[in-house]
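Now for the letters of each chain:
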Amino acid sequence: MKNLSIFLFVVGLCMISDVYGKKSTITVKNELNPQNKNILKVHCKSKNNDIGVKYLKIGEVMSFSFKTNFWGTTEFWCNLYKGPDYKRYRGITAYQAIGLFAKDGSSYNWLARDDGIYFHKDSLPSYYKTYWL
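A brief structural summary. Everything numeric here is computed off the predicted structure, so don't read it as measured data. (Residues numbered from 1 in each chain as written. Predicted model: local features only at pLDDT ≥ 70, side-chain atom pairs only at ≥ 80, totals over all residues. Heavy atoms only, no water.)

### A closer look at the sheet that holds strand 1 (residues 23-30)
Line of reasoning, step 1. Judged by pairing direction, the sheet is mixed, and its five strands sit side by side in the order 4-1-7-8-9 without closing on themselves. Each having just a single partner strand, strand 4 (61-67) and strand 9 (127-130) make up the two edges of the open sheet. Strand after strand, the sheet turns through a mean of 25 degrees between neighbouring axes, direction not considered.
Line of reasoning, step 2. Where strand 1 meets strand 4, seven bridges bridge the pair, whose relative direction is antiparallel. For Ser-24, the partnering residue across the bridge sits in strand 4 and is Phe-66. (Pairing = 2+ DSSP bridges. Helix = DSSP H or I, 4+ residues; strand = E, 2+ residues; numbered from the N terminus. Axes fitted to C-alpha atoms, helices over the stretch in contact; angles between N-to-C directions.)

Take a look at the structure:
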């Protein structure tokens, strides 16, 4: 009986992890200089989800939504490559949950510009986050 109770508890926690919390959104926008006509290559993924490779023209946006798991271990990484030869790139942690029972529902916005990568959460002002390699 004790083993059954433990089993049901663990199964319940696993089920909760799939439905827990509000959906958060990650957006990536190509704000590179229009004169250069650079395409931005974006590849985002987590431990369990690969969003795939997207190619963004100037001004285009890609976005996806997800729920943070029950344990608060959800993390998404994105690799951004600056065209046309894609030799300039940067890997970023686009989202990282903060602790157990994390539930968010915010929008994490990343902007690719010629001088680097900018970030803003929800409607807050954007700020310079990192440089191109």
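More follows now that the structure is in view.
### A short note on the packing of aromatic side chains
Line of reasoning, step 1. On inspection of all chains with the given rule, the structure shows 12 aromatic pairs.
Line of reasoning, step 2. A ring pair is formed by Tyr-95 and Tyr-108, whose centres lie 5.0 Å apart and whose planes are at 75 degrees; its orientation type is edge-to-face. One end of the pair, Tyr-95, is in strand 6 (residues 88-96); the other, Tyr-108, is in strand 7 (residues 107-113), with 13 residues separating them in the sequence.
Line of reasoning, step 3. Using a relative accessible area of 3% as the deciding quantity, one classes Tyr-95 as buried.
Line of reasoning, step 4. You can call Tyr-108 buried: its relative accessible area is 10%.
Line of reasoning, step 5. Here the aromatic residues Phe-64, Phe-66, Phe-76, Tyr-95, Tyr-108, Trp-110, Phe-119 and Tyr-127 are joined through ring pairs into a cluster of three or more. (Phe/Tyr/Trp six-rings, centres within 6.5 Å; stacked < 30°, edge-to-face > 60°. Buried < 20%, exposed > 50% of the residue type's maximum accessible area, 1.4 Å probe, protein only.)

### Let's talk about the sheet that holds strand 5 (residues 75-82)
Line of reasoning, step 1. Taken in spatial order, the four strands of this open sheet run 3-2-5-6, and their pairing is antiparallel. The open sheet has two edge strands, strand 3 (50-56) and strand 6, and neither has a second partner. Mean inter-strand twist for the sheet, computed between neighbouring axes without regard to direction, equals 15 degrees.

### Some points on the side chain of Thr-27
Line of reasoning, step 1. Mapping Thr-27 onto the fold places it in strand 1.
Line of reasoning, step 2. Using a relative accessible area of 14% as the deciding quantity, one classes Thr-27 as buried.
Line of reasoning, step 3. Here the side chain of Thr-27 touches Asn-109 through a polar contact of 2.6 Å, side chain to side chain.
Line of reasoning, step 4. Thr-27 has contacts with Val-61, Met-62, Ser-63, Tyr-108, Asn-109 and Trp-110, leaving out every residue within four places of it along the chain. (Polar contact = N/O pair within 3.5 Å; in protein donor to acceptor, adjacent residues only side chain to side chain. Contact = heavy atoms within 4.5 Å.)

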